[in-house]
Amino acid sequence: YEKYLEVIETGLPLCFEELVPESTVFGNRVLTLKAFKVDKGLGITFSDITEKRKVEEALRTSERLANKILQSSLNGLYIYDFDKGQNVFINSQYTHITGYTLEALNSLTPEEFAGLFHPNDLPRIFQHMEEMRMIEDGKANEIEYRFKNTNGEWVWCLSSDAVFQRTESGKVKQ
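Only a predicted model underlies this, so the values are computations on that prediction, with no experimental measurement involved.

## With respect to the overall build of the chain
At step 1: Along the chain, the regular secondary structure elements total 6 helices and 7 strands.
At step 2: The linear arrangement of helices and strands in the chain, starting from the amino end, is α-β-β-β-α-β-β-α-α-α-α-β-β.
At step 3: A compact globule built from 174 residues would reach a C-alpha radius of gyration of about 16 Å, whereas the chain, at 27 Å, exceeds it by more than 25%.
At step 4: Counting only residues that meet the buried cut, the chain has 28% of its 174 residues in that class.
At step 5: Sequence-distant contacts in the chain: of pairs separated by 6 or more residues, those separated by 24 or more amount to 31%.
At step 6: For the chain, the computed accessible surface area is about 12100 Å², with 55% contributed by carbon and sulfur atoms.
At step 7: In the chain, which carries 20 positive and 27 negative side-chain charges, the distance between the mean positions of the two groups comes to 3 Å.

Structure below.
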């Protein structure tokens with residue numbers, strides 16, 4: 001009640017969300033209320049945003065699940081962005097296998113990053129990258145190679161790569 005009087009006294013509008021309990025006629029709804037001064041009185045509008053809040057919560061739940069799956073995977077996962085010329089995502093298992101964080105990898109020059117691949121595997125790596133630019137959606141392209149971890153040891157990797165995202169023109173972006 002006092003916040004509404006303040007709107008009348010100051011002329012400043014008020015907007016807030018209110019959870020309407022199940023025991024009322026509306027029954028367990030989330031409303032956005034807007035109070036504003038009208039002449040010497042008060043105007044109030046409200047919108048039912050219950051469904052919007054449910055969708056937002058479902059999205060947050062889905063994002064938490066996807067993140068948990070990505071971070072719990074026993075496989076190293078990465079997303080390489082062709083436009084940026086670097087990884088834009090790696091999971092914790094990738095870091096565990098290689099020793100590199102995303103920040104550490106992305107601080108490398110393209111030449112330094114290429115130097116992490118065994119010299120005998122580099123021609124196949126470059127060929128694989130070119131093939132990935134042309135691959136169809138839903139298809140995977142595999143390559144086996146050696147990658148130097150942060151301890152300087154060669155780690156054998158088997159990558160199964162697929163398109164994650166395309167540009168508006170249809171080129172492979174990630």
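## Overview of the environment of W156
At step 1: Counting through the fold element by element, W156 comes out in strand β7 (residues 154–162).
At step 2: Sequence spacing of W156 and S62 is 94 residues, and the spatial spacing of their C-alpha atoms is 33 Å.
At step 3: In this structure W156 touches E144, Y145 and R146, once residues within four positions along its chain are discounted.

## As for the pairing of strand β2 (residues 29–38)
At step 1: Bridge analysis of strand β1 (residues 14–20) against β2 gives 7 bridges, and the strand direction is antiparallel. By the bridge assignment, E18 is partnered in β2 with L31.
At step 2: Here β2 pairs with strand β3 (residues 41–48) via 8 bridges, running antiparallel. Looking at the pairing, K37 lines up with L42 of β3.
At step 3: The antiparallel hairpin formed by β2 and β3 contains 2 residues in its connecting segment, where D39 sits at a positive phi of about 50 degrees.

## A few points about the pattern of salt bridges
At step 1: With the rule as written, the count across this model stands at 12 salt bridges.
At step 2: In this structure, the salt-bridge partner of E56 is R53, at a minimum N-O distance of 2.6 Å. Of this pair, E56 and R53 both sit in helix α2 (residues 50–72), 3 residues apart, which is roughly one turn of that helix.
At step 3: Taking the shortest distance from any N to any O, the salt bridge between E57 and R60 comes out at 2.9 Å. One end of the pair, E57, and the other, R60, are both in helix α2, 3 residues apart, so they sit about a helical turn from each other.
At step 4: Taking the relative accessible area as the measure of exposure, R60 reaches 38% and is therefore partly exposed.

How each quantity is defined
- Residues numbered from 1 in each chain as written.
- Predicted model: local features only at pLDDT ≥ 70, side-chain atom pairs only at ≥ 80, totals over all residues.
- Heavy atoms only, no water.
- Helix = DSSP H or I, 4+ residues; strand = E, 2+ residues; numbered from the N terminus.
- Rg over C-alpha atoms; globule rule 2.2 N^0.38 Å.
- Buried < 20%, exposed > 50% of the residue type's maximum accessible area, 1.4 Å probe, protein only.
- Contact = heavy atoms within 4.5 Å.
- Areas by Shrake-Rupley, 256 points an atom, 1.4 Å probe, with all protein chains shown as cover.
- Lys, Arg positive; Asp, Glu negative; His and termini not counted.
- Charge placed at Lys NZ, Arg CZ, Asp CG, Glu CD.
- Pairing = 2+ DSSP bridges.
- Salt bridge = Lys/Arg side-chain N within 4 Å of Asp/Glu carboxyl O.

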